Amino acid sequence: MLEKIYLGIDVGSVSTNIVAIDEENNLISKSYMRTEGQPIETVKQGIQALKKELDGKYEVAGVGATGSGRQLAGILVGADVVKNEITAHATATVNAVPEVRTIFEIGGQDSKIIFLKDGLITDFAMNTVCAAGTGSFLDHQAERLRIPIQDFGEYALRAERKIRIAGRCTVFAESDMISKQQFGFSKEEIINGLCEALVRNYLNNLGRGKKIEPPYVFQGGVAANVGIRAAFEKELGEKVIIPKNFDVMGSLGAALLAKEYLQSTGQKTKFRGFEVADIDFVPTSFECTGCSNLCEVIKVEIDGEIAAMWGDKCGRWTNNIR
Ligand code: SF4
């Protein structure tokens, strides 16, 4: 009999992560792909790669989907649970650091803060509009300064003098960095200033009016940046924990939630199998003119049959699938 595993799929607009965990929650596989505006193709490629790695060695006993493309991914693969990013991230973090009180999550295109007590979410905030506090902004600045992004944090730690960079938005931050460079500050000092600005901006925007309490956990792709971690610790005056799988916490949480759900209900997985890459999967969208909401409704067909619809605020379409 093959060992059971659970898949977690996190489809964001910038990246798609897929993990597989075993029944003891050990990570068996993890992959990171650029979504590049093609979530369907990206998920199919990820599943195809997993097939090569895992098919014949393990039995997929459940699948969870999360991220902004979670409905799409859920339909495509036949997910057992589809959960929002806040729930998925918090689930993975509580599993790694049960006593966590505050989660800082900074990814490629958005950031979140999640507050917990006794393992339960009490509050959260998300930033999906301002790029100044995200990984893509740091990538852009690393490129502009001609520094590999993986060395960015190390540069910050080598800064000799402190400088303040205006971090309120990408335009201000970039022009301030350029002017500080012209004044003769070193790359190290500018990068350190930028890391501190990003953390200040993040805490001001997402943590405003909230009680930010330790233990703190920092996750998401940007948690690899030691300069940002140091800036958090300096600002908060407290250690910040980075979990081992900090870069795939969303997909890890989705896998954990799928496992928990299937084990508690005793249901069989709806996973379509590793052959999903061969399924003819056609998404279309239309604007519903039924009322002034003018919802953008997404329709997905598989082999000419409507498999799913979503995006309608009132349930007019989702409730009428045959
Ligand atoms: S889906 Fe419902 S809420 Fe949305 S526009 Fe149509 S009738 Fe209005």
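Reading the values: the criteria
Residues numbered from 1 in each chain as written. Predicted model: local features only at pLDDT ≥ 70, side-chain atom pairs only at ≥ 80, totals over all residues. Heavy atoms only, no water. Helix = DSSP H or I, 4+ residues; strand = E, 2+ residues; numbered from the N terminus. Contact = heavy atoms within 4.5 Å. 1 Å grid on protein atoms, 1.4 Å probe; cavity = no way out; pocket = protein on both sides within 12 Å on 5 of 7 lines; lining within 4 Å. Points joined across faces, edges and corners; volume = space filled by probe spheres on them. Nonpolar A, V, L, I, M, F, W, Y, C, P; charged D, E, K, R; others polar. Domains from an automatic or database assignment. Near = heavy atom within 4 Å. Buried < 20%, exposed > 50% of the residue type's maximum accessible area, 1.4 Å probe, protein only. Pairing = 2+ DSSP bridges. Right-handed = clockwise from strand over helix to strand, strands pointing away. Axes fitted to C-alpha atoms, helices over the stretch in contact; angles between N-to-C directions. Parallel < 35°, antiparallel > 145°, perpendicular 65-115°, else oblique. Left-handed = near helix turned anticlockwise from the far one by under 90°.

**Student:** Which residues make up the environment of Val-199, and what values do they have?
**Tutor:** Mapped onto the elements of the fold, Val-199 is located in helix 7 (residues 187-206). Sequence separation between Val-199 and Glu-235 is 36 residues; the distance between their C-alpha atoms is 7.9 Å. Setting aside anything within four residues of it in sequence, one finds Val-199 in contact with Ile-228, Ala-231, Phe-232 and Glu-235.

**Student:** How would you explain the layout of surface pockets if you had to name every residue and give the values?
**Tutor:** One number sums up the size of the largest pocket: a volume of about 840 Å³. Around the largest pocket sit 41 residues that line it, and Tyr-32, Gly-107, Gly-108, Gly-221 and Val-222 are the ones nearest its centre. For the lining of the largest pocket, the secondary structure elements donating two or more residues are strand 1 (3-11), strand 2 (15-22), strand 3 (27-34), helix 3 (85-96), strand 6 (102-106), helix 4 (135-144), helix 5 (152-157) and helix 9 (249-265). If you tally residues by element for the lining of the largest pocket, the top one is helix 4, at 4 residues. Taken together, the residues that form the lining of the largest pocket break down as 13 nonpolar, 19 polar and 9 charged. There are two domains that each give the lining of the largest pocket at least three residues, and those are domain 1 (3-89 + 250-279) and domain 2 (98-242).

**Student:** Which residues make up the site of the ligand, and what are the values?
**Tutor:** By nearness alone, every residue bordering the ligand is listed as Cys-288, Gly-290, Cys-291, Asn-293, Leu-294, Cys-295, Asp-312, Cys-314, Arg-316 and Trp-317. In the shell around the ligand, the residues fall into 6 nonpolar, 2 polar and 2 charged.

**Student:** Before we move on, could you go through the pairing of strand 4 (residues 58-66) and cite the residues and values that matter?
**Tutor:** Burial runs high along strand 4: 8 of the 9 residues are buried. Looking at chain direction, strand 1 and strand 4 are connected through 8 bridges and run parallel. Bridge assignment links Glu-3 to a residue of strand 4, and that residue is Tyr-58. Two strands pair when backbone bridges link them, and strand 4 and strand 5 (residues 81-82) are joined in this way by 2 bridges, in the parallel orientation. When the sheet's bridge partners are listed, Ala-65 is paired in strand 5 with Val-82. Taken together, strand 4, helix 2 (residues 70-77) and strand 5 constitute a β-α-β crossover, and its handedness is right-handed.

**Student:** Can you tell me about the sheet that holds strand 9 (residues 216-219), naming the residues and giving the values?
**Tutor:** Working definition: the strands of a sheet are paired by backbone hydrogen bonds and lie parallel or antiparallel to each other. Overall, mixed pairing links the 5 strands, which are arranged 8-7-6-9-10 in an open sheet. The open sheet terminates on both sides in strands that have one partner only, identified here as strand 8 (120-127) and strand 10 (240-241).

**Student:** So what's going on with the domain arrangement of the chain? Residues and values would help.
**Tutor:** With domains assigned, the chain is organised as domain 1 (3-89 + 250-279), domain 2 (98-242) and domain 3 (282-320). The C-alpha centroid of domain 3 is placed 38 Å from the C-alpha centroid of domain 2.

**Student:** Pulling in residues and values, what's your account of the packing of helix 3 against helix 9?
**Tutor:** Interaxial distance between helix 3 and helix 9 falls to 7 Å at its minimum, and their mutual angle equals 85 degrees. Taken together, the axes of helix 3 and helix 9 are roughly perpendicular relative to one another. Two secondary-structure elements touch here, helix 3 through Thr-87, Ala-88, His-89, Thr-91, Ala-92, Thr-93 and Asn-95 and helix 9 through Met-249, Gly-250, Leu-252, Gly-253, Ala-254, Leu-256 and Leu-257.

**Student:** So what about the sheet that holds strand 13 (residues 305-310)? Which residues, and what values?
**Tutor:** Here 3 strands make up an open sheet; going across it, the order is 11-12-13 and the pairing antiparallel. Unpaired on one side and paired on the other, strand 11 (281-287) and strand 13 mark the two borders of the sheet. Shown here is a sheet whose adjacent strand axes are inclined to one another by a mean of 25 degrees, direction ignored. By the bridge criterion, 7 bridges tie strand 11 to strand 12 (residues 296-302) in an arrangement that is antiparallel. For Ser-285, the partnering residue across the bridge sits in strand 12 and is Ile-298. Its contacts with the sheet put helix 2 on strand 11, strand 12 and strand 13, and the angle it makes with strand 13 is roughly 155 degrees.

**Student:** An account of the environment of Arg-316 is needed here, citing residue identities and associated values.
**Tutor:** Here Arg-316 shows up in the segment after strand 13. Apart from the residues lying within four places of it in its own chain, the contact partners of Arg-316 are Cys-288 and Gly-290.

**Student:** Give a description of the packing of helix 4 against helix 6 (residues 170-182) that names residues and reports values.
**Tutor:** Helix 6 packs onto helix 4 with a crossing angle of 25 degrees between their chain directions and a minimal axis gap of 12 Å. Overall, the two elements helix 4 and helix 6 adopt an arrangement that is roughly parallel. The hand of the helix 4/helix 6 crossing is right-handed. Contact with helix 4, carried on its side by Phe-137, His-140, Gln-141 and Arg-144, involves Thr-170, Ala-173, Glu-174, Met-177, Ile-178 and Gln-181 of helix 6 and no other residues of that element. Looking at the contact of helix 4 with helix 6, its residues break down into 4 nonpolar, 4 polar and 2 charged.

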